[in-house]
Amino acid sequence: MTTTPPPGSAASSGFSAPPTAAPPPAAAPAGPRSADRPLIGSLSPSRAADFVNCPLRYRFRVVDRLPEPPSEAASRGTVVHSVLENLFDLPPAGRTLEAARTLVEPAWQALREREPAVEALFDGPDALAAWLDSARELLAGYFALEDPARLAPSARELYVEHVLDSGLRLRGYVDRLDEASTAQGPALRVVDYKTGRSPGPAFEGSAMFQMRFYALLLWRIRGVIPRELRLYYLGDRTWLRATPDEADLRATERRIEALWAAIDRAHRTGDWRATPNRLCSWCHHQALCPAFGGTPPPLPQQAPAVPLDEAAPAVCEAEG
């Protein structure tokens with residue numbers, strides 16, 4: 001499933017840009033919630049992955065709402081995502097690697113203004129300069145995977161939300177949505193950027209679950225099953241690809257509902273188990289984790305309902 005396409009190959013499926021500048025980002029309609037369909041919970045791909053990987057980590061983030069300090073990896077991911085979003089504001093001919101690299105510094109300054117704590121990540125100018133160069137290297141990885149001059153995204157960093165018939169709200173941010181007109185109707189391609197390295201074959205299915213989550217949302221919102229899902233790993237310049245069908249997305253919906261049932265059961269029983277795994281090194285809460293000799297804080301009192309996780313879903317996550 002992991003492949004390395006030649007530059008520009010992402011435009012080969014009918015999603016290439018016209019000779020004019022790319023259109024501005026479009027907003028997708030959110031799925032309305034009817035009065036007879038009260039919310040039972042809220043789930044994003046990131047929080048779903050948290051629970052699958054370690055229920056205790058999900059509890060720390062959603063139930064306890066423990067603060068997490070900024071990290072170099074997460075901050076770099078934010079900067080790179082910002083650059084790849086803003087790159088498409090340039091005319092096609094101007095979307096070069098050199099132009100992308102010049103956008104890194106402004107993206108870093110914008111992050112500093114929003115989150116002043118990120119400045120403490122670096123001991124001095126040399127450390128910051130090396131970190132900025134690492135972000136520019138990831139952008140070189142992106143240009144090795146496709147040529148943005150040949151693309152006309154219909155949306156970037158697109159917020160999507162829909163409430164299932166069960167009352168479970170699904171939501172998240174799609175890094176990029178490409179759209180083309182065909183004789184059969186609109187064709188959609190969902191693209192997501194990861195600033196880490198690609199997973200091994202044993203983890204590819206888990207990685208693509210996030211993409212099928214987005215495909216399900218778009219299908220429920222727009223009535224169109226995306227033709228293609230692409231997951232780009234800029235760290236090692238590889239990608240994953242899937243072509244979902246209705247059976248895939250119905251199976252994804254069933255999996256999500258089963259996952260929410262497990263979250264609901266953990267909330268009712270208080271059984272949030274630690275599950276040590278390869279992602280523990282990314283976790284900020286090892287000092288509170290029993291797997292590392294810690295003790296979790298007492299569970300919040302008087303919380304009969306499952307938390308709705310009203311916090312805004314993250315545009316990007318460091319993991320992956």
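As a starting point, this report considers the structure included with it. Bear in mind the structure is a predicted one, so any value in this text is a computation, not a measurement. (Residues numbered from 1 in each chain as written. Predicted model: local features only at pLDDT ≥ 70, side-chain atom pairs only at ≥ 80, totals over all residues. Heavy atoms only, no water.)

A short note on helix α7 (residues 204–222)
Move 1: Between its first and last C-alpha, α7 extends 27 Å over 19 residues, near the 27 Å set by a 1.5 Å rise per residue.
Move 2: A maximum bend of about 25° is found in α7 at Gln210.
Move 3: Of all 19 residues in α7, 14 are buried, a share of seventy percent or more.
Move 4: Directly beyond the C-terminal end of α7, a positive phi value near 75° is found at Gly223. (Helix = DSSP H or I, 4+ residues; strand = E, 2+ residues; numbered from the N terminus. Expected span 1.5 Å × (residues − 1). Bend = angle between axes of the 7 residues up to and from the residue. Buried < 20%, exposed > 50% of the residue type's maximum accessible area, 1.4 Å probe, protein only.)

Describing the nonpolar core
A general tendency of soluble globular proteins is for nonpolar side chains to be buried together.
Move 1: Ranked by size, the top nonpolar core spans 46 residues in total, and within it Leu43 and Leu170 carry the most contacts.
Move 2: Residues within four places of Leu170 in sequence aside, it is in contact with Leu43, Val160, Glu161, His162, Leu164, Phe213, Leu216, Leu217 and Ile256.
Move 3: Counting residues in hydrophobic clusters, the runner-up holds 29 residues, among them Leu111, Leu138, Tyr142 and Val191. (Core = buried A, V, L, I, M, F, W, Y, C linked by side-chain atoms within 4.5 Å. Contact = heavy atoms within 4.5 Å.)

Notes on the packing of helix α3 (residues 72–86) against helix α6 (residues 125–145)
A pair of packed helices is captured by two measures, namely the crossing angle of their axes and the spacing between those axes.
Move 1: Running from amino to carboxyl end, α3 crosses α6 at an angle of 50°, the nearest separation of the two axes being 10 Å. On the basis of the axis angle, α3 is oblique to α6. Of the two elements, α3 crosses α6, and the hand of that crossing is right-handed. Counted together, Glu72, Ser75, Arg76, Val79, Val80, Val83 and Leu84 of α3 and Trp131, Ser134, Ala135, Leu138, Leu139 and Tyr142 of α6 form the full contact between these two elements.
Move 2: Grouping the amino acids of the contact of α3 with α6 by side-chain chemistry returns nine nonpolar, two polar and two charged. (Axes fitted to C-alpha atoms, helices over the stretch in contact; angles between N-to-C directions. Parallel < 35°, antiparallel > 145°, perpendicular 65-115°, else oblique. Left-handed = near helix turned anticlockwise from the far one by under 90°. Nonpolar A, V, L, I, M, F, W, Y, C, P; charged D, E, K, R; others polar.)

Side note on the pairing of strand β3 (residues 155–163)
Move 1: For β3, the tally of buried residues reaches eight of nine residues, placing the bulk of the element in the interior.
Move 2: Across eight bridges, β3 lies against strand β4 (residues 168–182) in antiparallel orientation. Each residue of the ladder has a partner; that of Arg156, found in β4, is Arg176.
Move 3: The turn linking β3 back onto β4 is made up of four residues, and Gly167 within it adopts a positive phi angle of 100°. (Pairing = 2+ DSSP bridges.)

Examining the packing of helix α1 (residues 45–53) against helix α8 (residues 246–269)
Move 1: It is the contact of α1 with α8, at a shortest axis distance of 11 Å, that shows an interaxial angle of 65°. Read as a crossing pair, α1 and α8 show a hand that is left-handed. Judged by residue contacts, Ala48, Phe51 and Val52 of α1 engage Leu259, Ala262, Ile263 and Ala266 from α8.
Move 2: By residue class, the composition of the contact of α1 with α8 is seven nonpolar, no polar and no charged.

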